[in-house]
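Breakdown of the fold
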Amino acid sequence: MNRIDRRFLTLKEQQRTALIPFVTAGFPRPEVTVPLMHCMVAAGADVIELGVPFSDPMADGPVIQKAGEQALAQGMDLARVLAQVAEFRRDDASTPVVLMGYMNPLEAMGHEVFAQRAQHAGVDGVLTVDVPLEEAQDWVPTLQHYDLQPIFLLAPTSNTERIRRTAELARGYVYYVSLKGVTGSAVLNTTEVAERVALIKRQITLPVGVGFGIRDAVSAAAIGACADAVIVGSALIECLAAHAQPHNETNMFAAVTELLGGMRQALDQCGGNSGDIS
Amino acid sequence: MRPMPNGLTSGDNLDFNQFPDLRGHFGPYGGQFVAETLMVAIEELTAAYEHYRDDPEFQAEFRHDLTYFVGRPSPLYHAERWSRQLGGAQMYLKREDLNHTGAHKINNTVGQALLAKRMGKPRIIAETGAGQHGVATATIAARLGLECVVYMGAEDVKRQAPNVYRMKLLGATVVPVESGSKTLKDALNEALRDWVANVDNTFYIIGTVAGPHPYPMMVRDFNSVIGQETREQALALFGRLPDALVACVGGGSNAMGLFHPFLNDHEVALYGVEAGGDGIHTGRHAAPLSAGRPGVLHGNRTYLMETDDGQIIETHSISAGLDYPGVGPEHAWLKDNGRALYVNATDDETLAAFHALTRTEGIIPALETAHALAYAAKLAVTMRPDQTIVVNLSGRGDKDINTVATREGITL
């Protein structure tokens, strides 16, 4: 069984909501990424989404854009991201790792070559932001052939027909983007999110993660009440950026532990999600 | 298969009018590579365009605006003195520079703005590099009373101050884009981000035959008036189709507009001229079809200028309008199937052609256009005087006089 499925099964048995942090590989510095991944697991992360930096991240807001630019400026590339995952795997055999990014770097490596190398490195799922259902026909089987779960996005604008088609292709979990806009956009309407998640759950049996707009323990708990997973990206990257000075890793990891630990605690206190709010 | 005038072969059985397919694919190229957050907007646009594409009322309004607002048809002009000087084929210039706002760009913005109006979108956004598409968009937005926001790389805002002011005069808001390389590609990223956040009331007018489907098809269709007129004018002027068509290719909208009505006429050779910059061998150019490889950017699969790792690299060209690391997917496909030949002209060759046309014909061409002229001049001398070349004179050069002067050490 793929690590993602196994992890969500365990969480379900424990009636807990998954906490999924997103960090850009190589930010703020390439050598920080692997220790940071372990730090996030220790702070309560259940799945790690690792961003593959790309020069033209059209679905990302300024915070994640800048993180990607800085990572690329320090020589990050897809091969190094895969090497980081392999290094992480040496000490952590169970935490699922999902690569999140854009198609072009994967295409430059070659679809098949990438999938093979990703599996070998210990990657469990791949979310290609700019590959919607329409372009996924060949891509999904390639990923699945190498036991990589194809993770798909759903948006507030996704209608029931698109949700139904996503249910056919998606594996692992689906990522509901709770706001119109790019990553890091503002205000979150939790009632609306709860309604949308309920709608999605009527058609999709996979766990539903919610991202975009989750910044702290309070928003995490609010979303955790209706979702199977909360995904935190921009707020975490901002936290890293605030402690990005060289030789400041101790403070950085402390801040990350505080942010994620607070979310973890808030999620566990609200009793975990049943998911059955419909 | 039969040999074509450009020496390549191509499948005769291809009907080019059948492309793209329903999802916007030209062979392996094109498609809809955008985030799920945009797909519903793309679906809505695709449905609307499919509807109005064949709607006689919409087409009549489009044609009316092309006639009375843009000033079409544009002449097919015989550059007699230049032809004589070159001593080869007869050069004909399709005078898109005489359109309102001075370039072919207005054809497409008129079409898309009419579509925006029919779709009930009161807000228009656009990306621009040199500012020509931004000006064309601001122009039609002013005429139709639509709110207009133009994204422009911060570097380009500095380099193209007059166009920035023009857009502001027309009532548009110009947003400088500070991310990435601060040029056209980053402006496009930012416009896509705006669209994701404001899909309900916003129509995104893309300025070239790139982006997710239906843009490459739609922008081509709106610009195909160039080729349709050229066809009729050629038959009227010299009684047959031209032997060759030449157009510059950045994103490739003026070339696609000229080429498309001729794609099934295999006896007409097609040449797309990319920006060779300092020369292809230097790596400092903007010629993805000449020196790039296929990848995925801005919603479609096409030839790109990228690193081994698939990161998009900065381009270089004397003309800001060709300074784009990708190219329309239909061009990528025409390259692979051999129907069109893609070549390039360096900055120096371009400048020489800029001066040559200005001095011999009294027409100052845009620097983008001068790339096409540079190659056409080379091609002409390999052909007989009874043969004809049509060059798309896609824009006028007034906007470029500062660039040319600076390059030649002259302070205005």
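Everything that follows concerns the structure shown earlier in this document.
Now for a look at the structure at hand.

Quick notes on the rules
Residues numbered from 1 in each chain as written. Chains lettered and ligands numbered in written order. Predicted model: local features only at pLDDT ≥ 70, side-chain atom pairs only at ≥ 80, totals over all residues. Heavy atoms only, no water. Helix = DSSP H or I, 4+ residues; strand = E, 2+ residues; numbered from the N terminus. Rg over C-alpha atoms; globule rule 2.2 N^0.38 Å. Buried < 20%, exposed > 50% of the residue type's maximum accessible area, 1.4 Å probe, protein only. Contact = heavy atoms within 4.5 Å. Axes fitted to C-alpha atoms, helices over the stretch in contact; angles between N-to-C directions. Left-handed = near helix turned anticlockwise from the far one by under 90°. Nonpolar A, V, L, I, M, F, W, Y, C, P; charged D, E, K, R; others polar. Arc of directions from axis to C-beta. Buried area = accessible area lost by both parts, 1.4 Å probe. Salt bridge = Lys/Arg side-chain N within 4 Å of Asp/Glu carboxyl O. Polar contact = N/O pair within 3.5 Å; in protein donor to acceptor, adjacent residues only side chain to side chain. Core = buried A, V, L, I, M, F, W, Y, C linked by side-chain atoms within 4.5 Å. Patch = residues over 30% accessible without salt bridge, like charges linked within 9 Å, V, L, I, M, F, W, Y side chains within 5 Å. Areas by Shrake-Rupley, 256 points an atom, 1.4 Å probe, with all protein chains shown as cover. Pairing = 2+ DSSP bridges. Right-handed = clockwise from strand over helix to strand, strands pointing away. Phe/Tyr/Trp six-rings, centres within 6.5 Å; stacked < 30°, edge-to-face > 60°. Lys NZ or Arg CZ within 6 Å of the ring centre and 35° of its normal.

What follows concerns the overall build of chain B. Helix and strand counts for chain B stand at 16 helices and 16 strands. Relative to its length of 412 residues, chain B is compact, with a C-alpha radius of gyration of 20 Å against a globular reference of 22 Å. Along the first, second and third principal axes, the C-alpha set of chain B runs to 55 × 55 × 50 Å. Counting over 412 residues, chain B shows a buried share of 66%. Counting contacts in chain B only where the partners sit at least 6 residues apart, residues at least 24 apart contribute 74% of the total.

Turning our attention to the packing of helix α2 (residues 33-42) of chain A against helix α12 (residues 249-269) of chain A. Residues and elements named next belong to chain A. Where α2 contacts α12, the axes come no closer than 9 Å and their chain directions differ by 35 degrees. In the packing of α2 onto α12, the handedness of the crossing is right-handed. Facing Pro 35, Leu 36, Cys 39 and Met 40 of α2, the residues of α12 in contact are Phe 253, Val 256, Thr 257 and Leu 260. Here the contact of α2 with α12 is built from residues that sort into seven nonpolar, one polar and no charged.

With that out of the way, let us pick up helix α7 (residues 161-169) of chain B. All names here are of chain B. Within α7, the full set of buried residues consists of Asn 163, Val 164 and Met 167. Each buried residue of α7 lies within a common arc of 105 degrees when the element is viewed along its axis, so the set occupies one face. Exposed residues pointing more than 90 degrees away from the buried face of α7 are listed as Tyr 165 and Leu 169. Where α7 is buried, its residues contact β7 (123-128), α5 (132-144), β8 (147-153), α6 (154-159) and β9 (173-177).

This next bit is on the interface of chain A and chain B. Counting residues at the interface gives 38 residues for chain A and 38 residues for chain B. For the chain A and chain B pair, buried surface summed over both sides reaches about 3,000 Å², with 50% attributable to carbon and sulfur atoms. Counting across the interface, chain A meets chain B through five salt bridges. At the junction of chain A with chain B, the criterion picks out 19 residue pairs in polar contact (both at pLDDT 80 or more). Contributions of two or more residues to the side of chain A that touches chain B are made by α3 (62-73), α5 (103-109), β6 (152-154) and α8 (160-169) of chain A. The dominant element in the side of chain A that touches chain B, judged by the number of residues it contributes, is α5 of chain A, at five residues.

Once that is clear, we can look at the nonpolar core. As a rule of thumb, nonpolar side chains are buried together in soluble globular proteins. In terms of nonpolar packing, the biggest core is built from 199 residues, with Met 40 and Phe 114 of chain A together with Leu 115, Trp 195 and Phe 259 of chain B touching the most fellow members. Leave out the neighbours within four places in its chain, and Trp 195 of chain B touches Leu 38, Ala 41, Ile 42, Leu 45, Ile 125, Thr 202, Phe 203, Tyr 204 and Tyr 215 of chain B. In this structure, Ala 275, Ala 345, Ala 353 and Ala 376 of chain B belong to the second largest nonpolar core, which totals 31 residues.

On the surface, a nonpolar cluster with roughly 380 Å² of combined accessible area is contributed by Ile 364, Ile 401, Ile 410 and Leu 412 of chain B. Tracing the backbone shows Ile 401 of chain B in helix α16 (residues 401-407).

Once that is clear, we can look at the pairing of strand β3 (residues 97-101) of chain A. All names here are of chain A. Most of β3 sits inside the fold, with five of its five residues counted as buried. Of the two faces of β3, the one carrying Val 97, Leu 99 and Gly 101 and the one carrying Val 98 and Met 100 are both buried. Relative to β3, strand β2 (residues 48-51) runs parallel, the two being bridged by four bridges. Note that in β3 the partner of Ile 48 across the bridge is Val 97. When β3 meets strand β4 (residues 125-128), the two strands line up parallel, connected through four bridges. Across the sheet, the residue bridging to Leu 99 is Val 126, located in β4.

All names here are of chain A. The nine strands lie next to each other as β5-β4-β3-β2-β1-β9-β8-β7-β6, forming an open sheet whose pairing is parallel. Each of the sheet's edge strands pairs with one partner strand only, and the pair in question is β5 (149-150) and β6. Looking at chain direction, strand β7 (residues 174-177) and strand β8 (residues 208-211) are connected through four bridges and run parallel. Counterpart to Val 174 in the pairing with β8 is Val 208.

What follows is about the pairing of β4 of chain A. Residue and element names in this part refer to chain A. Taking every second residue as pointing to the same face, both faces of β4 are buried, with Gly 125 and Leu 127 on one and Val 126 and Thr 128 on the other. Where β4 lies against β5, two bridges are found, and the strand directions are parallel. Bridging across to β5, Gly 125 finds its partner in Gln 149. Following the backbone out of β4, through helix α7 (residues 139-145) and into the adjacent parallel β5, one traces a crossover that is right-handed.

What follows concerns the packing of aromatic side chains. Residues and elements named next belong to chain B. Applying the stated criterion across every chain, the model contains 17 aromatic pairs over all chains. Taking the centre distance of 6.2 Å and the plane angle of 70 degrees together, the rings of Trp 195 and Tyr 215 count as edge-to-face. In this pair, Trp 195 sits in helix α8 (residues 184-197) while Tyr 215 sits in helix α9 (residues 215-223), placing the two residues 20 residues apart along the sequence. Among the residues examined, Trp 195 registers a relative accessible area of 3% and is labelled buried. When its relative accessible area of 0% is taken as the criterion, Tyr 215 is described as buried. Among the aromatic residues, those joined into a ring-pair cluster are Tyr 49, Tyr 52, Phe 58, Phe 62 and Phe 222. Here the basic side chain of Arg 231 rests over the ring of Phe 262, its NZ or CZ set 5.5 Å away from the ring centre. Here Lys 335 stacks its cationic end above the ring of Tyr 303, 5.4 Å away from the centre of that ring.

All names here are of chain B. Reading across the sheet, the six strands line up as β5-β6-β16-β11-β12-β15 and stay open at both edges, with mixed pairing between neighbours. Every interior strand has two partners, whereas the edge strands, β5 (76-78) and β15 (340-346), have only one. Between one strand axis and the next, the sheet turns by 30 degrees as a mean value, whatever way the strands run. Relative to strand β12 (residues 269-277), strand β11 (residues 244-248) runs parallel, the two sharing five bridges. Bridging across to β12, Val 246 finds its partner in Tyr 271. Seen against the sheet, helix α15 (residues 367-380) touches β6 (90-95), β11, β12, β15 and β16 (388-393) and runs at an angle of roughly 150 degrees to β11.

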